[in-house]
Every structure is written in structure tokens, then in C-alpha cells.
Amino acid sequence: MFTACVTFVLIIAGALVTSNDAGLSVPDWPTSFGSLYKIPHMVGGVRFEHTHRMIAEFVGLLTIIIAVWTWRTDKRRWMKALGIGALGTVIAQGVLGGLTVLFYLPPPISSAHAALGQTFFCIVVAIAIFTGRRWVEEVPQVESDNSHPTLVTQTLLSIFVLYMQLLLGALFRHHGLSWWPHVLNAVAVAFVLTWTAIRALSVYSRIDAVKVPAILLLTLLIAQLCLGFVAFLTRVAWGHDAVQPELPMVVSTVAHVAVGALLLATAVILAIQVWRHVPVAFEERIPGDARKPVAA
């Protein structure tokens, strides 16, 4: 949980770098102004860029600890693999961050850096859930799902449209794409997430593990749509001729990125809990040509 919180702070720090156009304030990598350990003068964009690097290094250290600790103590093979996967993801994220500097902020690499950062955040949140006392000790309350599409399918679709929105937003922020695909896809995101959350609440509200993230998903969706509108006004409608990023532009954009990360992580949590508590039902043929639903 601590690593997930620090990773969220790292996402905010990265958004501050992009929103303040500070991506090349430290012009070299993996060193900072030629040094691996000296802290440069924290002035101008350097304070955003170098702070982002220091938080990233701390997250990398925490991830190494998690990977080793999980490998040594957790008996679940898939958890060991998840810990190693988190370590591989954070290493890849660091390399992408360095490449954005070495190649002078190319939009594809910068956007991949942003998207992989939020992917890592979701992985760490999942590890926090899987190692929690409730997940390990609790006997899950189960209700089978024989509808079409299943709620599991809807939650996975929610993650997909959110991830597409993340990529489109990253490409827009890094000047690789216009704003309109991001805005257009927001309509699909709003529809899919509302559909998923309302169905989860209307059918499976008795299961707290499903109800709570579904309510949070709707709440964050409303907040994100409002922040997206404000960010559009400050950055596109009013601030397109600004010589440098202005405070309203920075605050609205950073808040939009932060809530977007929480929204994606919440969708992942909902998908995990639905997978656990609402298994897909299937029909099994029995003697006499009768059919009955059986929980998968």
C-alpha cells in the first residue's frame, strides 16, 4: 500500500514535469548534469524534473524489495510472477523515461512512458489487494453471473476504453495527436463505465467488495469529466497562445492526470473483485436433457 501511494505521488510528479514543459530541464540521463548522486540546483524546471527522478528511484527501490520479499515468502506462484513482473515494468519505465530525454521527447516514447507508469500503478495496487488480510483470510461471498455480456466482460471493457483514453491523452499532451480523439473517446468511456458501475450496483450491491469500487468508479468518473472540461478550457480554449504554462493550466491538467490514474486503478480493482465474487456461470448438460447453471 505504501508503494502504491508513492507511485501515485510519482504520477503527479510526472504530470508536473509535462505540464510545466520541464522534460528537458535536466538534459542528460542516467546522470543529472554529469553526476549520478549530486543534487543539482533546484531552480526552474530542474526542480520538477529532478524531483521526478528521485521519486522514481525510490519507487524502483521499493519495487525491488517487494519482488524479493514476495519471491521469498509468498507461496503462490502467480504472486511471485506478479512481483517479478512489477520489477520488470518499473525497469522498463525507467528506460523509457531515459529515452525521452536522450531522444528529445519524441511523442511515441513519451506517451509510452506515461501509459506504462499508470500500468505499473495498477500492478502495485493489485499486489496490495492480493497481499491484504481480507483477500488472504476471507471466504468470498459468491454469486454466479449467467447474463450476456457478463459483468467480468464489462469490467475488462472498462479497463480497455480507459487505457485507450490514457494513450490518447498522453499523445495529446506530448504533441503527437490533436485533442479531438481524446475528447471523442471520453464519450465512450463515460458510457461504458456508467453501464458497468450501474449494473454492478443494481445486481450485486449485496457484495461490498463489488459495491464499494463501483460507487468509487462512478464518483471518480464524474470528477474526471469535470476536470477534463476545465483542462480543455485552460489548455486548448484559453491557453493555446500562452508563452509558458500558466497556473490554472498546470493545476487542472495535473489533477486530470491524477484522477485518471485513480479511475484506471479503480476499474482494475472492480475487475479483480468481480472475478472473485461474481464468477461466470455456464450450463452443464445432465441426464434427461435438462440444463442447470453451474458456477465456473
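See the structure printed just above.
Just so we're clear, the structure is a prediction, and the values are computed from it rather than from any experiment.

Trainee: Help me understand the pattern of salt bridges, please; the structure alone is not making it clear to me.
Mentor: Where charged atoms from two side chains of opposite charge approach closely, those side chains can pair. Scanning the model with the defined rule gives seven salt bridges in all. Across the salt bridge formed by Asp-74 and Arg-76, the nearest N and O atoms sit 2.9 Å from each other. Looking at Asp-74, the relative accessible area reads 13%, which means it is buried. Judged by its relative accessible area of 21%, Arg-76 is partly exposed. Among the ionic pairs, Arg-199 bridges to Asp-145, the shortest N-O distance being 3.3 Å. Placement of Arg-199 in helix 7 (residues 180-204) and of Asp-145 in the loop between helix 5 (133-137) and helix 6 (151-173) is noted, with a sequence separation of 54 residues between them. By relative accessible area, which is 2% here, Asp-145 ends up buried.

Trainee: Would you explain the side chain of Ser-32 in this entry?
Mentor: Within the secondary structure layout, Ser-32 lies in the loop between helix 1 (2-19) and helix 2 (46-73). Discounting chain neighbours no more than four positions away, the residues touching Ser-32 are Val-26, His-50 and Arg-53.

Trainee: It is not clear to me how helix 9 (residues 247-277) should be interpreted in this structure. Could you clarify?
Mentor: Residues lying three or four places apart along an α-helix face the same way, a consequence of the helix completing one turn every 3.6 residues. When the terminal C-alpha atoms of helix 9 are compared, their 44 Å separation across 31 residues agrees well with the 45 Å that a helix rising 1.5 Å per residue should span. Of all the 31 residues making up helix 9, 24 are buried; the element is thus mostly covered by neighbouring parts of the structure.

Trainee: Can you help me understand the packing of helix 1 against helix 2 in this one?
Mentor: Each packed pair of helices is defined by two parameters, the angle between the axes and the distance between the axes. Running from N to C, helix 1 and helix 2 cross one another at 155°; their axes reach a closest spacing of 9 Å. Comparing their axes, helix 2 and helix 1 come out roughly antiparallel. Of the two possible hands of crossing, helix 1 and helix 2 adopt the one that is left-handed. Touching Phe-2, Thr-3, Val-6, Thr-7, Val-9, Leu-10, Ala-13, Gly-14, Leu-16 and Val-17 of helix 1 are Phe-48, Glu-49, His-52, Ile-55, Ala-56, Phe-58, Val-59, Leu-62 and Ile-66, all from helix 2. In terms of residue class, the contact of helix 1 with helix 2 is built from 14 nonpolar, four polar and one charged.

Trainee: What's the story with the packing of aromatic side chains in this structure? I'm lost.
Mentor: Each aromatic ring pair is described using two quantities: the centre-to-centre distance and the angle formed by the ring planes. Inspection of the entire model under this criterion finds six aromatic pairs. Pairing Trp-179 with Phe-232 gives two aromatic rings, centres 5.0 Å apart and planes at 70°, and the pair type is edge-to-face. You can see Trp-179 sitting in the loop between helix 6 and helix 7 and its partner Phe-232 sitting in helix 8 (residues 208-237), a full 53 residues away along the chain. Since its relative accessible area comes to 35%, Trp-179 is described here as partly exposed. Assessed through its relative accessible area of 27%, Phe-232 is described here as partly exposed. By way of ring pairs, the aromatic residues Trp-78, Phe-130 and Trp-135 are connected into one cluster. Lying across the ring of Trp-71, Lys-80 places its NZ or CZ 5.5 Å from the centre. When the ring centre of Trp-135 is taken as origin, the NZ or CZ atom of Arg-276, which lies over that ring, is 4.2 Å away.

Trainee: Explain a nonpolar patch on the surface to me, please; I cannot follow it from the model alone.
Mentor: A cluster of nonpolar side chains, namely Phe-2, Phe-58, Leu-61, Ile-65 and Trp-69, defines an oily patch on the protein surface of about 560 Å² accessible area. A total of four residues in the nonpolar patch trace back to one element, the largest contributor, which is helix 2. Here Phe-58 lies in helix 2. Owing to a relative accessible area of 36%, Phe-58 belongs among the partly exposed residues under this scheme.

Basis of the calculations
Residues numbered from 1 in each chain as written. Predicted model: local features only at pLDDT ≥ 70, side-chain atom pairs only at ≥ 80, totals over all residues. Heavy atoms only, no water. Salt bridge = Lys/Arg side-chain N within 4 Å of Asp/Glu carboxyl O. Buried < 20%, exposed > 50% of the residue type's maximum accessible area, 1.4 Å probe, protein only. Helix = DSSP H or I, 4+ residues; strand = E, 2+ residues; numbered from the N terminus. Contact = heavy atoms within 4.5 Å. Expected span 1.5 Å × (residues − 1). Axes fitted to C-alpha atoms, helices over the stretch in contact; angles between N-to-C directions. Parallel < 35°, antiparallel > 145°, perpendicular 65-115°, else oblique. Left-handed = near helix turned anticlockwise from the far one by under 90°. Nonpolar A, V, L, I, M, F, W, Y, C, P; charged D, E, K, R; others polar. Phe/Tyr/Trp six-rings, centres within 6.5 Å; stacked < 30°, edge-to-face > 60°. Lys NZ or Arg CZ within 6 Å of the ring centre and 35° of its normal. Patch = residues over 30% accessible without salt bridge, like charges linked within 9 Å, V, L, I, M, F, W, Y side chains within 5 Å. Areas by Shrake-Rupley, 256 points an atom, 1.4 Å probe, with all protein chains shown as cover.

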